[in-house]
Structure formats: C-alpha cells, structure tokens
Amino acid sequence: MPEQTPGGGRGPGPDRFVALGDSLTVGLGDPAPGGGWRGWAALLAGTLGERPGGVELVNLARSGALAAELAERQLPVARELAPRFASVVVGANDTLRAAFAIERVAAALDRAHGALSADGAVVLTACLPDPGRMLGLPAPLARRMHAVNTVVHAVSARYQGVHLHLAEHPWVAERASWSVDRLHPGERGHRLLARGFHAALAAAGVSVGPPPALTLDGPPPTRAGSARWMATRGTRWVADRCTDLLPGLLGLALQECRHGLAGSGRLLDAAAERATRGALAALAEPHGDRARNAPATVKGAATMTG
C-alpha cells in the first residue's frame, strides 16, 4: 500500500482512480469486449494522468448499493488504497426504497466526500437523472431525486470537488444512449458520461489525455431487444422489488393524487425542500481546515452543464 503523508495526502506509490457507487459505476449496460462490464469509470481511467494507462482503476462499486453502504463498506477500502482520483456516484437506489430518508443520504455522502478529500483525492460527483422518468414511475421519485441531487451538489461544493450535472445533459433524454433495461446507460451513454467527467477535470486544470472516443464497439439497443428484456428479465426485476418498492410507490402515488385533486401539490414540494435544507444543516462542520484545504489537485468546485 502507498504510504500516507503526515497531512493525510498521497505518498509514494502508483496513481489510482477508485470508483465508488452502484450499478451505474459497475458499468451495467456497457458490455466489455471480453465479457463482464466496462462502463464510464474504465473509459475515463484510460485518459487520466500524464501518460496513457498511467492511472490504475480499482472499481469498488456494487449493483444495488445505497449511499449508506458506500460510506460503511466501500469508503474504508478506498481510503486504504490512497487514490489520486475517487468517484462517489450513488443515490438513485435510495430514491426507489420505501425507507428513503434524505438525512441518511446526506450524512453518508458528506462522510465519503469529506474523508476522501481530506486524504488528498480529487473527488468526482454527479447529479443523476430521475430513474422514474425512464420507467414511467410516479412523480414523487423525481422529487426525491431532486433532493439527492441538491445534496450531492452542496457536498461537492463544500469539499471543492469536481461535479458533473449529468441530470441536465442533453443525451440523458435520448433513448439511443440507454441500454435495453432503460435504467442504465448503454455503451454510448457510458462514453458520453466519461467524456463529461473528462471535460470537467480538464476545466478544473487537471492534466488529462485525449477524451474517450465516441466510436461504439457494439450495436445500439433496438426496440425488439428492449421488448424482449421487458418480457423476460424486466418483469422479474419488478417482481423482485415488489416487497420493498411497490408498497412505498403506491403510498406515494396515493398521496400525490390527493394533493393533486386538492390543488396542494406545492405543499409536497415545500416539505421536500425543508427536509433537504434540514439534512444539509445537520451536517457537521468539516474537521478544521484540513477538509477545506485538502492537498487535492483541484482548487475550487468545477461544474459541467449540458
């Protein structure tokens, strides 16, 4: 393992990019030529550093991971690896759970971002698109995703991270950028995501190589393929989550319907905003000046909008 410097920064050893998160970072939707999944993190890793291939990728992401799991399980391993770059992209799975609580999401994201920044890593984050829009699920999920994205943006700015406004990118609305499951980017989407992070890093003054190519290795998803997935694996995906997801969604839909009929939907928006502000206000101050002045390559938060 690379040695830690007294100030918490990186010591001698190979440069690493450690990716933390869920299935988006695992690479689902972008099959690797040799089998398994590749994804945006692998595409981005090849462009980092002063020479091609000079940064080692360690992907700790796990499909289905929640923000709390990232902070409790993935973060300790990531810190032991003393990465030069780290990505913290998570939160969509939290919005799909009946026990969603923006306070827990905020605490977990703050813990992960604060620790990695204090260690001297350049931390990448992203605002995520609403998963309910792609699946046709109830409107309250958009409200939850907005709350998560507000927290992600605030935490990234708090620790001077590199932030990508993925939710606002034009390609997010393009069907051709998504895989057959309509939940994960396809190869084109992963390539565009990697290029977005690459551009944000370059804008922040980080030394990077040429951006990931947009040339696809495989054919884009077809309507027939999407229909086959929904008729086979898609229905099983829904059934597997009915015990947790369906009751909560029904409750949210009923609440939304009542407020819609009463013309008081703005009350739900106001309640969500209050909860998000409260979650951010409850975060502890960064530990001294160490988190605020971490010896990272990036000075100030960088953003990349659509």
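Could you give an account of unusual backbone geometry, naming the residues involved and the relevant values?
The backbone of alanine 82 shows a phi angle near 45 degrees, a positive value even though the residue is not glycine. Mapped onto the elements, alanine 82 comes out in the loop between helix H3 (67–80) and strand S3 (85–89). Here alanine 82 falls in the buried class, since its relative accessible area comes to 6%. Its identity as a non-glycine residue notwithstanding, glutamine 160 has a phi of 60 degrees, on the positive side. Tracing the backbone shows glutamine 160 in the loop between helix H7 (140–158) and strand S5 (162–164).

Describe the environment of arginine 97, with residues and values.
Position of arginine 97 relative to the elements: it lies in the loop between helix H4 (92–95) and helix H5 (102–118). A residue is classified by how much of its surface remains accessible, and arginine 97, at 22% relative accessible area, is partly exposed. Sequence-wise, arginine 97 and leucine 66 are 31 residues apart; in three dimensions their C-alpha atoms are separated by 9.5 Å.

How would you explain the nonpolar core if you had to name every residue and give the values?
Within the largest apolar cluster, 61 residues are counted, with the highest numbers of intra-cluster contacts made by Phe17, Trp40, Leu44, Leu116, Phe197 and Leu201. The element best represented in this core is H5, accounting for 8 residues.

Which residues make up the confidence of the model for the protein chain, and what values do they have?
With 69% of its residues at a pLDDT of 70 or more, the protein chain shows a mean pLDDT of 79. Taken as a whole, residues 1–12 scores under 50 in pLDDT and shows 30 contacts with residues more than four places along the chain or in a different chain. Of the regions scoring below 50 in pLDDT, residues 288–306 engages in 52 contacts with residues more than four places distant in sequence or in other chains.

So what's going on with the pairing of strand S4 (residues 122–126)? Residues and values would help.
For S4, the tally of buried residues reaches 5 of 5 residues, placing the bulk of the element in the interior. The two faces of S4 match: Val122, Leu124 and Ala126 on one face and Val123 and Thr125 on the other face are all buried. As judged from the 3 bridges shared by S4 and S5, these two strands associate in the parallel manner. Within S5, the residue paired with threonine 125 across the bridge is histidine 163.

Tell me about the pattern of salt bridges, residues and numbers included.
Summed over the entire model, instances satisfying the criterion amount to 10 salt bridges. Between aspartate 15 and arginine 84 there is a salt bridge, with its nearest N and O atoms 3.2 Å apart. Highlighted residues: aspartate 15 in strand S1 (residues 15–21) and arginine 84 in the loop between H3 and S3, separated in sequence by 69 residues. A residue is classified by how much of its surface remains accessible, and arginine 84, at 8% relative accessible area, is buried. Of the charged contacts, one joins aspartate 119 and arginine 79 as a salt bridge, the two residues approaching to 2.7 Å between their closest N and O atoms. Placement of the pair is aspartate 119 in the loop between H5 and S4 and arginine 79 in helix H3, with a sequence separation of 40 residues. Here aspartate 119 falls in the buried class, since its relative accessible area comes to 10%. Several salt bridges converge on common partners, so that one network encompasses Asp30, Arg38, Glu187, Arg191 and Asp217.

Let's hear about the packing of aromatic side chains: which residues, and what values?
Under the counting rule described, the total for this entry stands at 2 aromatic pairs. Ring geometry for phenylalanine 17 versus tryptophan 40: centroids 6.3 Å apart, planes at 50 degrees, classification tilted. With phenylalanine 17 in strand S1 and tryptophan 40 in helix H2 (residues 39–45), this residue pair connects regions lying 23 residues apart in the sequence. Relative accessible area serves as the criterion here: at 0%, phenylalanine 17 is assigned to the buried category. Here a set of aromatic residues connected by ring pairs shows up, and it is made of Phe17, Trp40 and Phe197.

Explain the packing of H3 against H5 residue by residue, including any values.
The N-to-C vectors of H3 and H5 enclose an angle of 15 degrees; their axes lie 8 Å apart at closest approach. As judged from the angle between their axes, H3 and H5 are roughly parallel. Where H3 crosses over H5, the two elements pack in a sense that is left-handed. Note on element contacts: H5 touches H3 through Val105, Ala108, Arg111, Ala112, Ala115 and Leu116, opposite Ala67, Ala68, Leu70, Ala71, Glu72, Leu75, Ala78 and Arg79.

The rules behind each value
Residues numbered from 1 in each chain as written. Predicted model: local features only at pLDDT ≥ 70, side-chain atom pairs only at ≥ 80, totals over all residues. Heavy atoms only, no water. Helix = DSSP H or I, 4+ residues; strand = E, 2+ residues; numbered from the N terminus. Buried < 20%, exposed > 50% of the residue type's maximum accessible area, 1.4 Å probe, protein only. Core = buried A, V, L, I, M, F, W, Y, C linked by side-chain atoms within 4.5 Å. pLDDT = per-residue confidence, 0-100. Contact = heavy atoms within 4.5 Å. Pairing = 2+ DSSP bridges. Salt bridge = Lys/Arg side-chain N within 4 Å of Asp/Glu carboxyl O. Phe/Tyr/Trp six-rings, centres within 6.5 Å; stacked < 30°, edge-to-face > 60°. Axes fitted to C-alpha atoms, helices over the stretch in contact; angles between N-to-C directions. Parallel < 35°, antiparallel > 145°, perpendicular 65-115°, else oblique. Left-handed = near helix turned anticlockwise from the far one by under 90°.

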